[in-house]
Every structure is written in structure tokens, then in C-alpha cells.
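Coordinate inspection notes
Single-letter residue listing:
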Amino acid sequence: MNIKYFDQHFAVYFFYISSAITILFPATTKAQSVNKLKKDLSIWVKEDEEKWALIDGNQNMILPTYYAYVHDTYDNMAIVEVKDSIPNAGDKHLKVIDATGKNILDIKATWAEFLKPHTTIKFKVSASKYGVLNSKGDTLVRPIYRTVEKDKFHADRFIVKSETTDTSSLVNSKGEVLIADFTSIYPMYKDRYFVITDKTKQLVATDQTSIQQDQYEVMIRPSLLLDKYFPKSIRPEVLALKEEEYFLVNVLTGERIMNNITPSFFGFTTSNKNWIPFKEGEDMGYRNLKGELLFSKKNEYDDLGYFFEGISVFTKKVTSTTAEDKNKKEVLFGIMDQKGKEIIPPTYDWIYRFYDGLAKCKKDGKYGYINKNGKVKIPVIYDEVVNHHLENDPLLRVCLNEKQENKPYYKTKCGMIDQNGDIVVPIEYSPYDMAMFGEDKEYIKVRKKYHKPNSTYIWGESGWDYGIFDKKGRAILPLSYQDIRFFESKKTIEFKN
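Residues numbered from 1 in each chain as written. Predicted model: local features only at pLDDT ≥ 70, side-chain atom pairs only at ≥ 80, totals over all residues. Heavy atoms only, no water.

1. Here's the deal with the overall build of the protein chain
Selection criterion: The secondary structure listing takes helices from DSSP runs of H or I that are at least 4 residues long and strands from runs of E that are at least 2 residues long, numbered from the N terminus. Buried means the residue's accessible area, taken with a 1.4 Å probe over protein chains only, is under 20% of the maximum for its type, while exposed means over 50%, and partly exposed covers the values in between. By definition, residues are in contact when any of their heavy atoms lie within 4.5 Å.
Counting its regular elements, the protein chain contains three helices and 40 strands. For the protein chain, buried positions account for 46% of its 497 residues. Restricting the contact set of the protein chain to residue pairs at least 6 apart, pairs at least 24 apart contribute 38%.

2. Brief notes about the sheet that holds strand β16 (residues 201–205)
Convention followed: Here, a strand pair is defined by DSSP locating no fewer than two bridges between the strands. Axis geometry follows a simple rule: fit a line to the C-alpha atoms, using only the stretch in contact for helices, then measure angles between N-to-C directions, giving values from 0 to 180 degrees.
Pairing in this open sheet of three strands is antiparallel, and the strands run β14-β15-β16 from one edge to the other. Because the sheet does not close on itself, it has two edges, and the strands there are β14 (184–189) and β16. Taken over all neighbouring pairs, the strand axes of this sheet differ in orientation by 30° on average, direction set aside. Taken together, the five bridges between β14 and strand β15 (residues 192–196) define a ladder with antiparallel strand orientation. Following the sheet pairing, S184 is matched in β15 by I196.

3. Focus: the side chain of H154
To keep things clear, this is the line we draw: Under the rule applied, a polar contact is a pair of N or O atoms within 3.5 Å (in protein, one hydrogen donor and one hydrogen acceptor; residues adjacent in sequence only if both atoms are side-chain atoms).
Its place among the elements puts H154 in strand β11 (residues 154–162). There is a polar contact of 3.2 Å between the side chain of H154 and the backbone nitrogen of D191. When neighbours within four sequence positions are excluded, H154 is seen to be in contact with K190, D191 and Y193.

4. As for the nonpolar core
Where a protein is soluble and globular, its nonpolar side chains tend to be buried together. Convention followed: Here the nonpolar core consists of buried residues drawn from Ala, Val, Leu, Ile, Met, Phe, Trp, Tyr and Cys, with membership extended through side-chain atoms lying within 4.5 Å.
Grouped together as the largest cluster of nonpolar side chains are 19 residues, with contacts concentrated most on I261, I276, I335, Y348, I351, F354 and I370. Elements with a minimum of two residues in this core: β26 (329–336), β27 (342–348) and β29 (358–363). Ranked by size, the runner-up nonpolar core spans 17 residues in total, among them L41, V45, I476 and F486.

5. As for the sheet that holds strand β24 (residues 303–304)
An order of β24-β25-β26-β27 is seen for the four strands of this open sheet, with the pairing classed as antiparallel. With partners counted over all chains shown, the strands left at the sheet margins are β24 and β27, one partner each. Note: strand β25 (residues 312–319) against β26, eight bridges, orientation antiparallel. What sits directly across from S312, in β26, is M336.

6. Some points on the packing of aromatic side chains
The line we're drawing: A pair of Phe, Tyr and Trp rings is counted when the ring centres sit within 6.5 Å of each other, with Trp represented by its six-membered ring. The angle between the planes then sorts it: under 30 degrees is stacked, over 60 is edge-to-face, the rest tilted. Any Lys NZ or Arg CZ that is within 6 Å of a ring centre and within 35 degrees of that ring's normal is treated as a charge sitting over the ring.
The final tally for this structure, using the stated rule, is 16 aromatic pairs. Relative to F295, the ring of Y286 has its centre 5.5 Å away and its plane inclined at 55°; by these criteria the two rings are tilted. Given the relative accessible area of 0%, Y286 is considered buried. An aromatic cluster is defined as three or more aromatic residues linked by ring pairs; in this entry it consists of W275, Y286, F295 and F307. The ring of F278 is capped by R287, whose NZ or CZ atom sits 4.0 Å from the centre of that ring. When the ring centre of W464 is taken as reference, the NZ or CZ atom of R447 above it lies at 3.8 Å.

7. Description of the pairing of β14
The buried count for β14 comes to five of six residues, which makes it a mostly enclosed element. A loop of two residues connects β14 with β15, the two strands running antiparallel in sequence, and D191 in this loop sits at a positive phi of about 65°.

8. Points about unusual backbone geometry
For Q208, which is not glycine, the phi dihedral falls at a positive 70°. Following the sequence through the fold, Q208 ends up in the loop between β16 and β17 (218–220). Although it is not a glycine, E243 sits at a positive phi angle of roughly 50°. Secondary-structure assignment places E243 in the loop between β18 (237–242) and β19 (245–250). With relative accessibility at 65%, the residue E243 sits in the exposed group.

9. So, the environment of E439
The topology assignment puts E439 in the loop between β36 (435–437) and β37 (443–451). According to the relative accessible area criterion, E439 is partly exposed, its value standing at 44%. Sequence spacing of E439 and E488 is 49 residues, and the spatial spacing of their C-alpha atoms is 8.6 Å.

10. Structural notes on the environment of N35
With respect to the secondary-structure elements, N35 resides in helix α2 (residues 26–40). Sequence-wise, N35 and G57 are 22 residues apart; in three dimensions their C-alpha atoms are separated by 8.2 Å.

11. A short note on the environment of A68
Within the secondary structure layout, A68 lies in the loop between β2 (51–55) and β3 (69–74). In this view, A68 contacts E50, K51, W52, E81, V82 and K83; residues no more than four positions away in its chain are not counted.

By themselves, these observations are geometric and do not establish any function.
Put into C-alpha cells, the structure is as follows:
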């Protein structure tokens with residue numbers, strides 16, 4: 001027999017048979033898909049006070065042990081509080097464990113969290129002092145500081161604030177002080193920091209050598225797009241303010257690159273550094289980093305935004321269309337391409353920047369989304385929609401306000417829709433804690449308020465029930481838990497320099 005001939009025909013037969021099974025038994029196929037999602041789910045749930053468990057989507061315990069609390073999770077690891085800890089008795093017994101329950105590290109502290117996207121651990125001892133450990137338990141920063149913050153550009157550097165002097169310093173994991181005794185320290189780029197005292201503000205290198213050529217009042221760090229923890233792309237150009245004028249400055253050299261920069265209503269967030277908005281007298285337009293004019297117009301715009309995905313948002317003052325305010329000017333938003341052609345004239349109350357082909361917009365008090373052709377992609381009917389570039393989710397969170405009888409405030413309910421506007425998760429859940437998670441954002445965490453007599457919740461007779469949907473809107477975990485913590489994926493928050 002010709003093996004190649006057999007293999008090819010077997011593959012064809014198998015395809016048709018599989019397709020036929022799917023057509024004839026769609027419910028079975030759907031059930032198998034849900035069952036796989038339930039089997040693959042690994043989630044921390046709070047069943048009762050001081051009773052946290054790691055379970056799967058079938059509500060089976062993955063680990064045989066209950067824990068008093070789950071402080072944080074990251075990359076299949078969790079910082080848990082052991083139940084033998086005595087409340088209000090100083091430092092507690094915390095453990096770092098993996099998803100199989102294997103003990104990685106023991107910590108004596110009152111609180112701890114991962115400094116993502118690194119596996120270093122920030123912890124607090126009973127004296128309300130903070131320090132940092134690595135995953136081996138080595139002390140990187142001794143717990144003697146009022147606060148400890150990560151340096152976004154260096155995994156082994158930390159900005160600490162002294163308890164006694166109330167000043168900030170930059171220290172490394174060897175305990176060496178790199179920059180000392182400033183009121184505030186802000187990382188601007190690799191080995192570049194904007195430092196502030198009562199008398200001076202300056203840009204310095206790690207050895208405290210001054211870099212800048214001028215004294216600036218403020219420096220704004222640029223980023224391409226922000227994820228949950230870190231900028232995904234960083235450039236050495238920053239926006240600097242001096243005497244009410246903005247400049248573009250290279251933080252590596254301190255050189256001033258460009259004058260008369262427009263800060264824009266979005267701040268300084270450049271997705272195309274060769275399109276920098278400027279304003280000189282009556283002219284407003286764009287230049288590249290060489291200072292060359294790309295285009296400008298006189299007395300045309302009120303403000304110009306930066307370009308995202310080839311589209312910029314602008315504002316103009318236009319005459320009001322309402323009868324009572326027909327002589328009044330109002331600022332409205334529109335969008336343009338890089339040739340200066342208006343795709344949408346100034347007709348919206350607000351438009352945010354584009355991401356993944358969509359931009360959040362507002363009109364007459366309601367929100368929706370438009371696409372880059374200026375067409376309404378998601379109807380402008382919602383009381384709130386999420387800035388989805390912050391989450392990078394395949395679904396969009398939308399909310400509606402529900403008027404409360406005899407009460408002066410609204411009750412906000414949220415759900416999830418797809419990019420065609422179809423509802424995936426009903427709009428009936430709390431706006432807080434709703435989030436997508438998993439390697440491919442295949443799960444959705446939701447919560448809903450309930451009222452129950454004799455509740456142990458601190459809210460009295462009301463509390464929250466938490467549950468899980470998948471991204472097709474199918475129930476994976478019922479709303480029957482007091483809280484939920486999912487493993488945050490290292491893939492989704494990895495720092496891409």
C-alpha cells in the first residue's frame with residue numbers, strides 16, 4: 001500500500017468525520033470545550049473567613065490545604081498566609097508556594113507582594129517597615145524603610161524613603177546607596193533620574209552627576225503603550241516644562257531637541273516620535289525630531305494629540321448648535337490622518353487615542369467606540385466603557401447606570417461585549433474587580449452584590465459573590481465565593497524594553 005496515499009486520504013476522512021460529529025452533536029462538542037476550560041482552570045477562592053483554597057473549574061480542591069489568606073499571585077506562584085498565624089500577634093507565617101503546593105520560601109511578615117514583572121518580593125514587618133527579598137529568601141533591601149518602590153528600568157534597584165529623615169534614596173540589591181537624600185526620585189530612563197529637593201529639580205545620572213543643561217520644573221516620562229505594570233516601549237525623549245513652555249529633551253545627553261511642544265490633552269505619550277505637535281503663535285501643527293515641518297495650520301485647532309495607529313485626535317472651538325447657546329463657543333473633538341485630512345469633524349464631546357483599531361468616544365453624556373474610518377463601531381449608548389488599551393482584552397467592558405428609587409445616586413452595572421457590540425456577559429455585575437485573565441484571556445472574573453441576614457461580611461447584611469465566565473459568556477464557576485484570586489500570567493505583563 002502507498003503509505004503517503006493512505007495518510008492523505010485518512011486525513012481527509014478524519015476531517016469530514018470530525019466535522020460531521022460537530023454538526024450532529026454540537027452540544028457535546030460545546031460541553032467538551034467547557035469541561036476543558038474547567039479542568040484547566042486553577043484559581044484561589046475564599047470560601048469563608050480565613051479559608052482560602054486552590055480549586056479547579058469543577059470546584060475540586062487542587063491542594064489539600066486551606067490557607068488564612070492569599071496576599072498575591074504571579075506566574076504560578078502565590079504568597080499565602082498559614083492558618084497557624086496568630087491575629088494581631090506581630091509578624092505572621094507567610095509562604096511562597098507554587099501551583100502544586102511546593103514550598104518555595106517562608107517569610108515572617110505582616111504583608112507581602114510580588115514586585116512584578118520580577119519575582120522579587122516586597123514585604124512589611126510588624127514595625128510597619130518595608131524591605132525586599134528575592135525568591136531564594138536573600139534580603140535585597142533591609143526592612144528599615146517607610147516605603148519601597150521598584151525602579152521601572154532596573155530589577156535590582158529600589159527607591160526607598162527613610163523613616164527618620166523623610167528623604168528618598170536609590171539603593172541596589174547589594175545595599176549600596178546610589179543616589180541619596182532627595183525629597184523625591186523619579187526614574188526617567190536607564191541610569192537617568194529626575195530628582196527634587198526644596199530648592200532644586202534636576203536630571204542626574206546614577207552617580208548623581210547633573211545631566212541637564214537647564215533647570216526644569218517638571219519632566220514627563222514618555223511611553224508607547226502602558227500595560228498593567230510597565231511601559232512596553234520607552235524612549236529617551238521626555239517632555240520638560242520651564243516657565244510655562246514645554247520642550248523635548250534627550251535624557252541621555254540633557255540636550256534640548258525641540259521648543260514649543262504641545263503637551264496635548266493626553267500628556268506626552270508618543271506612538272510616533274516623528275510626529276510631535278507644536279504651537280508657535282497662531283500656528284499649530286507637527287514637526288519631526290529634526291525640527292522639520294510636517295504640516296501646520298493657522299488659527300485652526302484648539303489642541304492636537306499624538307498619533308496612534310496613524311490617527312490623531314484634535315479639538316476645535318465651534319459655535320454651539322443649541323438655540324439657547326447659539327452664540328457660545330464649545331470645544332469639540334475630531335480625528336485626522338497624517339495628511340491633516342479630517343476623518344471626523346469636531347462633533348464629539350471627547351475622543352481617546354486609538355488602540356487595536358478602536359477609540360473610546362463620548363457624545364451627549366454617553367460612551368461608545370469609533371473605528372479609524374470614523375464609523376461608530378460600538379453604539380454610543382453606555383454610561384461608561386473601559387479604556388481597553390490598558391487591559392489589552394479581547395472583550396470590552398461596558399456599564400449602564402440604573403436609577404435607584406428614592407435615592408440621589410445611580411447603581412452601576414457592567415458586562416462584557418465583543419468588538420461587534422454583541423453582549424457576551426450580561427450587564428448586571430459590579431464594575432469593580434471585573435477582569436479577564438489566563439494566558440489567552442480566556443476567563444472573566446465577575447462579582448455581584450447580595451443581601452443576607454447575619455452575614456459575617458464587614459458590610460453588614462450585604463456582601464459580594466464572585467464567579468467566573470469564559471470569553472464566550474459560558475459559566476465556569478458559579479457566583480458562590482467571597483473572593484477570587486487568579487494567577488497573573490507573566491506573559492501578559494512581561495517588560496519589553
